[in-house]
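# Observations on the model geometry
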Amino acid sequence: MPTGGVLLILLLIIAGAVAVFVRLRQRRGDRSGSAPSPPSLPLLGHLHLLKKPLHRSLAALAGAPAVNAAPLLSLRLGMRRALLVSSHAAAEECFTVHDAVLAGRPQVLAGEHLGYGRTSVVWVSYGDHWRGLRRFFAAELFSSSRLGALAAERHSEVASLVETLLHDAVAASRGVITLRPKLFELVLNVMLRAITGRRHAGDVHMFQEIVEETFAVSGVPSVGDFFPALRWVDRVRGVEAALANLQSRRDAFVTGLIDDHRRTRDAASRDVEKKAVIDVLMEHQQTDPEYYTDTVVKGIVLVLLTAGTDTSALTTEWAMAQLLTHPGAMKKARAEIDAVVGTGRLVKESDITNLPYLQCVVKETLRLCPVGPIIPAHEAMEDCTVGGFHVRRGTMVLVNAWAIHRDASVWDAPQEFRPERFLSRDAVTTPMLPFGLGRRRCPGEGLAMRLVPLTLAALLQCFEWDIAEGCTVDMAEGAGLTMPMATPLAAVCRPREFVKSVLSAST
Ligand code: HEM
C-alpha cells in the first residue's frame with residue numbers, strides 16, 4: 001500500500017479513538033451527575049477554548065448572554081475540574097446554600113508568590129486565618145464609623161483631583177486629559193491616608209505599574225496550575241522568576257512604607273477613629289504577635305493598596321466612558337447635581353443619597369463593565385450539589401459576572417447603557433454581583449460605593465467633557481484579572497466657570 005494510504009488510515013484510527021474518548025468522558029460526566037460538559041480534548045480538556053478576554057470566551061461556551069444559556073457547565077482545565085456558573089440564580093445558590101463549602105481558593109502559582117505563600121486575604125482559603133483577616137478589615141477599616149471618620153480625607157483628595165485637572169486642562173494640548181493615572185493617584189492617596197495617615201511621597205507611577213502588572217499577571221494562569229507535573233515548564237519559561245521579581249518590588253514598596261511610618265509615627269496625636277491602619281496593626285503586633293507577624297502585616301497593607309486602587313479607578317473610568325458615549329445621560333446626571341448641590345460648593349459624600357440618577361449611572365456601569373468580570377476563582381472544599389448537579393471537592397468555581405449582568409432573560413436590552421432601569425429596581429433583589437456574593441464578598445464595597453460616585457459627581461460638576469475632535473471612545477475591554485479599558489480614556493476637559501470659587505469654598 002502506498003505510504004499516503006497508510007497515513008490516512010492511521011489518521012482515521014486516531015481521530016476515531018479521540019472521538020470515542022471524548023464521548024466516553026461526556027457519558028462519564030452524565031453518569032456522575034455532574035453538570036453538562038461541552039466536547040473536550042484528551043489531556044487539554046477545555047483549555048484550548050479559553051481565549052482573551054476570558055469572560056467573553058466563557059460566555060460563548062455557555063451560550064450566554066442568550067435566554068437559553070447553560071447556567072452550569074462542567075469544564076476540565078488540564079488536570080483541574082471546574083464549574084462554570086453563568087446565571088444569577090445558580091450563583092446565588094453557590095454563595096448562599098453552599099457558601100461555606102465554596103469559599104475555598106484554588107492553590108495557584110500566583111498566590112504562592114503574590115500572596116506571601118497564600119497567607120494574604122485574597123489568596124488564602126476559607127478557615128481561621130481568613131476569618132481573622134476579614135475581622136480586622138471589618139473592624140479597623142470598613143466599619144461605618146471608620147469610613148465616616150475618613151470622609152473629610154476623601155473629600156480633600158477629590159478636591160485635589162479637581163485642582164490638578166483644572167491646571168492640566170489648561171496646559172494640555174487641546175485640553176485632552178488621560179483620566180486613568182489621575183484616578184489611580186486619587187484612590188491611591190485615599191488608601192494611603194487610611195493606611196499611613198499621609199498622602200504618597202514617592203513615585204505614584206511606579207506603584208501604578210506594579211498594581212497593573214499584579215492584575216495582569218494574576219489573570220494569566222501558569223502551566224503548572226493545570227498540569228502540576230509540568231511545573232518545571234513555568235521555571236523554564238521564566239514565569240516563576242517574573243512572579244518572584246514582581247513580588248520583590250511589591251514587598252520593597254510596602255516594607256518602605258511601614259518602616260517610614262514606624263520612624264515618623266504620630267499615632268498618639270490621632271483620635272481613635274482616625275488612627276492609621278498601620279498604627280492599629282502595630283498595636284495588634286504587640287498584643288498578638290503570633291497572629292500579626294510581619295508577613296501578615298505586609299500582606300494586609302499590600303492587599304488594601306492593590307485590591308482597592310485599580311478596581312475603583314477603573315470603574316470611574318468606565319463610567320466616564322459610558323457617559324461620553326451617552327451624552328443624554330451625562331446631561332441628566334449633571335443637571336441633577338446642579339439642582340441638588342448647586343455651583344457654590346463642591347459636591348460632598350453626604351449629597352450622594354440625594355443624587356438618584358448618579359447612583360443609577362454607577363450601578364449601570366457596574367452592570368455593563370464589572371471590573372471583576374470573572375469573580376476570582378473559588379474552590380469546593382467538600383462535595384456538594386449545585387442546581388441538582390454533583391460538584392466534587394477540589395472543583396474550581398468560575399462565576400461569570402459579566403455574562404450574568406447581560407442575561408437576556410433578566411434584563412431588557414441587556415447590552416445597552418440605560419441608567420434609568422435602576423430607578424425602579426429594588427437594590428436588594430437586583431440580580432447583579434459586581435462585588436461577589438456571600439462571605440467572600442468584597443469587603444471594600446462600602447468604600448468603593450462612596451468614592452466612585454463622589455469622584456464621578458465632582459468630575460461632572462466641575463468640568464464639561466467631550467470626545468476630542470476626530471476621535472472615538474474605544475470601549476474594547478483589555479485582559480487581566482480586572483477588566484480595564486483596552487485603550488485608556490482620553491477626553492477634552494473644560495473647566496466650568498465657577499470651579500475656582502467652588503475649590504476655594506471647599507478648603
Ligand atoms: C468598584 C470597586 C470594586 C469592585 C468592583 C470590587 C470587586 C471585588 C470582587 C468581585 C471580589 C471577589 C469576591 C469573591 O472572591 O467572591 C473582591 C474581593 C476583594 N476586594 Fe474588592 N472590589 C472593589 C473595591 C475594593 C476596595 C476599595 C477594596 C479595599 C480597599 C477591596 C478589597 C477587596 C479584598 C480584600 C477582596 C478579597 C476578599 C476575600 O477574598 O475574602 N475591593 N472585590
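This is a predicted model, so every value here is computed, not measured. (Residues numbered from 1 in each chain as written. Predicted model: local features only at pLDDT ≥ 70, side-chain atom pairs only at ≥ 80, totals over all residues. Heavy atoms only, no water.)

## Examining the overall build of the protein
Check the secondary structure of the protein and you find 19 helices and nine strands. Taken against the 2.2 N^0.38 rule, which gives 23 Å for 507 residues, the C-alpha radius of gyration of the protein at 25 Å falls within 12% of a compact globule. Within the protein, the fraction of its 507 residues that count as buried is 52%. In the protein, the proportion of contacts linking residues at least 24 apart, taken out of those at least 6 apart, comes to 74%. Accessible surface, the protein as shown: approximately 22200 Å² in total, 59% of it carbon and sulfur. The distance from the centre of the 56 positive side-chain charges to the centre of the 52 negative ones in the protein is 5 Å. (Helix = DSSP H or I, 4+ residues; strand = E, 2+ residues; numbered from the N terminus. Rg over C-alpha atoms; globule rule 2.2 N^0.38 Å. Buried < 20%, exposed > 50% of the residue type's maximum accessible area, 1.4 Å probe, protein only. Contact = heavy atoms within 4.5 Å. Areas by Shrake-Rupley, 256 points an atom, 1.4 Å probe, with all protein chains shown as cover. Lys, Arg positive; Asp, Glu negative; His and termini not counted. Charge placed at Lys NZ, Arg CZ, Asp CG, Glu CD.)

## So, the UniProt feature "binding site: heme" (unreviewed entry) in the protein
Per the UniProt record, "binding site: heme" (unreviewed entry) is annotated on C442. With respect to the helices, strands and loops of the structure, C442 is situated in the loop between helix 17 (401-404) and helix 18 (445-462). Residue classification places C442 among the partly exposed residues on the basis of a relative accessible area of 32%. Setting aside anything within four residues of it in sequence, one finds C442 in contact with R134 and F435. (UniProt positions renumbered as here; feature names shortened; annotations may be inferred.)

## Points about the sheet that holds strand 8 (residues 463-466)
Ordered in space as 3-9-8, the three strands form an open sheet in which the pairing is antiparallel. Edge positions in the sheet fall to strand 3 (176-178) and strand 8, since each has one partner strand and no second. Adjacent strand axes in the sheet meet at a mean angle of 45°, parallel and antiparallel pairs treated alike. Strand direction decides the pairing type here: strand 3 and strand 9 (residues 490-495), joined by three bridges, are antiparallel. Within strand 9, the position partnered with V176 by the bridge is V492. (Pairing = 2+ DSSP bridges. Axes fitted to C-alpha atoms, helices over the stretch in contact; angles between N-to-C directions.)

## So, the sheet that holds strand 1 (residues 72-77)
Taken in spatial order, the four strands line up as 1-2-7-4 in an open sheet, and their pairing is mixed. Looking along the sheet, the strands with just one partner apiece sit at the ends: strand 1 and strand 4 (374-379). Ignoring strand direction, the axes of neighbouring strands in this sheet form an average angle of 25°. Here four bridges tie strand 4 to strand 7 (residues 396-400), and the two strands are oriented antiparallel to one another. What sits directly across from I375, in strand 7, is V399.

## A short note on the pattern of salt bridges
Summed over all chains, the structure comprises 30 salt bridges. In this structure, R154 and E349 form a salt bridge, with 2.7 Å as the shortest nitrogen-oxygen distance. Taken as a pair, R154 in helix 7 (residues 151-171) and E349 in the loop between helix 15 (327-340) and helix 16 (356-368) lie far apart in primary sequence, 195 residues in all. Neither residue differs from the other here; R154 and E349 are each classed as buried. Measuring nitrogen to oxygen at the nearest pair gives 3.3 Å for the salt bridge that ties R237 to D234. Here R237 pairs with D234, and both are found in helix 11 (residues 231-237), just three residues apart, close to one helical turn. For D234, a relative accessible area of 0% puts it in the buried group. In this structure, a network of salt bridges that share partners links the residues E112, R118, R231, R235 and E240. (Salt bridge = Lys/Arg side-chain N within 4 Å of Asp/Glu carboxyl O.)

## Observations regarding the site of the ligand
The environment of the ligand is formed by 25 residues, the closest being R105, W130, R134, H378 and C442. Interatomic distance of 3.4 Å between a backbone N/O atom of V121 and an oxygen atom of the ligand. Those elements giving two or more residues to the shell around the ligand turn out to be helix 5 (128-140), helix 14 (294-325) and strand 4. In terms of residues, the shell around the ligand owes the most to one element, helix 14, which gives six residues. (Near = heavy atom within 4 Å. Polar contact = N/O pair within 3.5 Å; in protein donor to acceptor, adjacent residues only side chain to side chain.)

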